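Coordinates in review
One letter stands for each residue in the lines below.
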Amino acid sequence: MEEVVKSSAVIRRKSKIYHANAMSPVSYYVLVTLLGLTSLLCVLPLLLVISVSFSAESNILRDGYRFIPEVFSVEAYRFLIDDLDKITTGYGISILVTVVGTFLSLLVTSLFAYPVSRPDFPYRNQFSFIVFFTMLFGGGLVPWYLLYTQAGLKNTLLALIIPHLVVPFNVIIMRIFFTNTIPHALIESAKIDGAGELRIYSKIILPLSLPVLATIGLFQMLAFWNDWYTSLIFINNPKLVSLQYLLYKVISDLNYINSGTATIQAANAVQETLPSETAKMAMAVIGIGPIIMVYPFLQNYLVKGLTVGSVKG
Amino acid sequence: MRNIIRFRVLFLMMLPALAIVIFNNYIPMFGVVLAFKNYNFQDGIWHSPWVGWENFKYLVQTDVAWTATRNTIGFNAVFIVLNTLGAVAVAIGLNEIRGMKLKRTFQSTILFPYFISYVAVSYILYAILGQAGFLNSTVLKFFGMDAVSWYAEVKTWFFILPIVNTWKHVGYFAVVYLAAIVSIDTEYYEAALIDGASKFRQMLHITLPMLAPVVIVMVLLQISRIFNADFGLFYQAPLNSGSLLPATEVIDTFVYRNFLLNGNVGMSAAAGFYQASVGFVLVLLTNLVVRRVSKENALF
């Protein structure tokens, strides 16, 4: 009872101070305007891309890129239907790699983080260090590439998945979570009840760790979805082109023409097979689209994850 | 030995991650010997002839290696300053916004660029900088200026790249700093208010000092990686334009270009080794400093 009275007093006191400590209306509006402008700068470029993708090509050729389409048109998207099989392949590969990669990554990371979080496991620090050391030193691109190539991983989906599976930072976050939120007594009592290690992991640890699994899962989803670098290095089979890599190829073909290395004829020849300016922007929208749709959900979790990580990185 | 039997299931659980880390990270570490070899495909990594420091000599002689090093450190230094100043300002500003909805909206939109890939960023940038892009067709036209070929103007990229990097990352750091500001005990502000401190003075004497340890750690972490450039930003954002290389070549793109495009295994390996070892020393130094600043934030 006393506590209730006390806490309501705190609230009253806080709300008073909140008013007393408020900024002057003028400076508050200046602040809101400044932050509003910053926010606009972060999303306006994307709106430009979207609006160009819905413009008529002839307008863009005459006036250049504009924020407001003079004539609304979906001709760019209709144009892309010719490349539909490439786009669907891209989506298919990206979704497959993201789903399988995220699942495997969570599995492998938690299977490693759990033992090294156990206070009774004698080698926990040594094993953590093995993973942690990879943050400090690496062999570099050349040996890494040669290893993957010699292992026959070139042009395989494994080459897109394996490099992202174990992220030391995720291992650290998960280990901290296990250590802090799962009391060791719980594991002990489960053992007394006759549960094996795997049963403890699957029936106790994982269900209690849904917040950290969700956070790291979303981090990993983003990493797999946005990855184009491993494709750039390991993939030249058209059937294995992910969505981001497809985007990369479309715009790098364009650069090939712009850079002036191609002769005029070659440029003209390529130009005909290339999508138009608006189609390019439509391509970008197709590539960014899924992120925009899941963004509200994603960012909520990632903000939580970042906050966890910043408490102890 | 008894321990191994007792914890055998735990060892088995760790096996997949260990196998991946050994394959993906440890085996390539031995590949650094390539930096001291004249690699050829018949002999493979182990049987190719040793050449001592030959590859490094070759590397030092190229002007590009120097340009790449200069760009890597220079850009990263600018990025660290801009990200930190920008993010601290945004975080402090966001913390003062009273409406929860407004605050959430601002935070979400500023964080948004962090979520899209560099390929998508390169499209957005092209929409702004391309020949018919927004800058040329609208902004420069409005001021009566001629169109500029941005993808050929080397000097402008010393400004464009930091802008792009800040645009993409400021939201991320702002979230981290905002979390730290929110956790500052409100009693400090109450006391300051009673003493008649203005909002600005509170920021100066409470918020910033309380935020300092987090900022210092974040900055040091970035310094430890100052030798690693963001490949996506430097390769993808300028659309790999050859004429921009004096401004956009960094060690990572240099290694990629020389190895996968020009097939120069030895020199690329040497550049990679140089990057990895300087990076390693930097991480160790950083950790030493972090231990001094705040022990619980040290990496090891």
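Residues numbered from 1 in each chain as written. Chains lettered and ligands numbered in written order. Predicted model: local features only at pLDDT ≥ 70, side-chain atom pairs only at ≥ 80, totals over all residues. Heavy atoms only, no water.

Some thoughts on the overall build of chain A
- Across its full length, chain A holds 16 helices and 0 strands.
- A total of 313 residues make up chain A; the buried ones form 48% of that total.
- In chain A, the proportion of contacts linking residues at least 24 apart, taken out of those at least 6 apart, comes to 72%.
- Accessible surface, chain A: about 15400 Å² in total, of which carbon and sulfur atoms supply 68%. (Helix = DSSP H or I, 4+ residues; strand = E, 2+ residues; numbered from the N terminus. Buried < 20%, exposed > 50% of the residue type's maximum accessible area, 1.4 Å probe, protein only. Contact = heavy atoms within 4.5 Å. Areas by Shrake-Rupley, 256 points an atom, 1.4 Å probe, with all protein chains shown as cover.)

Digging into the confidence of the model for chain B
All names here are of chain B.
- Looking at chain B as a whole, the pLDDT averages 90, with 99% of positions reaching at least 70.
- Element-level mean pLDDT values for chain B span from 78 in helix H3 (residues 44–47) up to 95 in helix H2 (residues 8–30).
- Among the scores for the predicted complex, ipTM is 0.90 and pTM is 0.88. (pLDDT = per-residue confidence, 0-100.)

Notes on the UniProt feature "transmembrane region" (unreviewed entry) in chain B
Residue and element names in this part refer to chain B.
- Residues given the UniProt feature "transmembrane region" (unreviewed entry) here are residues 7–27, 73–94, 115–136, 156–182, 203–223 and 269–290.
- The distance from the first to the last C-alpha atom of residues 7–27 is 27 Å, and the span holds 95% helix and 0% strand.
- Taken as a whole, residues 203–223 contains 100% helix and 0% strand, while its terminal C-alpha atoms sit 26 Å from one another. (UniProt positions renumbered as here; feature names shortened; annotations may be inferred.)

Some remarks on the interface of chain B and chain A
- Taken together, the contact between chain B and chain A spans 92 residues of the former and 99 residues of the latter.
- Note on chain B versus chain A: buried area summed over both sides is about 9000 Å², and carbon and sulfur give 75% of it.
- Scanning the region where chain B abuts chain A turns up 17 residue pairs in polar contact (both at pLDDT 80 or more).
- Among the elements that make up the side of chain B that touches chain A, the one with the highest residue count is H2 of chain B (17 residues).
- When grouped by side-chain class, the residues that make up the side of chain B that touches chain A number 63 nonpolar, 23 polar and 6 charged. (Buried area = accessible area lost by both parts, 1.4 Å probe. Polar contact = N/O pair within 3.5 Å; in protein donor to acceptor, adjacent residues only side chain to side chain. Nonpolar A, V, L, I, M, F, W, Y, C, P; charged D, E, K, R; others polar.)

So, empty space enclosed by the protein
Residue and element names in this part refer to chain A.
- Under the defined criterion, the tally for this structure stands at 3 cavities of 30 Å³ or more.
- Counted as a void, the largest cavity has a volume near 70 Å³.
- Together, Ile93, Ser94, Val97, Leu160, Phe224, Trp225, Asp227, Thr230, Ser231 and Ser242 line the largest cavity.
- Every element with two or more residues in the lining of the largest cavity is listed here: helix H5 (84–117), helix H12 (210–226) and helix H13 (229–234). (1 Å grid on protein atoms, 1.4 Å probe; cavity = no way out; pocket = protein on both sides within 12 Å on 5 of 7 lines; lining within 4 Å. Points joined across faces, edges and corners; volume = space filled by probe spheres on them.)

Comments concerning the side chain of Glu197 of chain A
- One can find Glu197 of chain A in helix H11 (residues 197–208).
- Among the polar contacts made by the side chain of Glu197 of chain A, one reaches the side chain of Arg118 of chain A at a distance of 2.9 Å.
- Those residues within four positions of Glu197 of chain A in sequence are excluded, and the remaining contacts are Tyr114, Arg118 and Lys191 of chain A together with Val9 and Leu10 of chain B.

A short note on the side chain of Gln244 of chain A
- Among the structural elements, Gln244 of chain A can be located in helix H14 (residues 243–258).
- For Gln244 of chain A, a relative accessible area of 1% gives the class buried.
- Apart from residues lying up to four places away in sequence, Gln244 of chain A is in contact with Ser94, Trp225, Asn226, Asp227, Trp228 and Gly287 of chain A together with Ser117 and Val119 of chain B.

Quick notes on the UniProt feature "transmembrane region" (unreviewed entry) in chain A
- Under the present numbering, the feature "transmembrane region" (unreviewed entry) in UniProt falls on residues 28–52, 93–115, 127–146, 158–178, 204–225 and 281–298 of chain A.
- The span residues 281–298 of chain A is 100% helix and 0% strand, and its two end C-alpha atoms sit 24 Å from each other.

Side note on the UniProt feature "domain: ABC transmembrane type-1" (unreviewed entry) in chain B
- When the UniProt feature table is mapped onto this chain numbering, "domain: ABC transmembrane type-1" (unreviewed entry) sits at residues 69–286 of chain B.
- Annotated as 76% helix and 0% strand, the span residues 69–286 of chain B places its first and last C-alpha atoms 19 Å apart.

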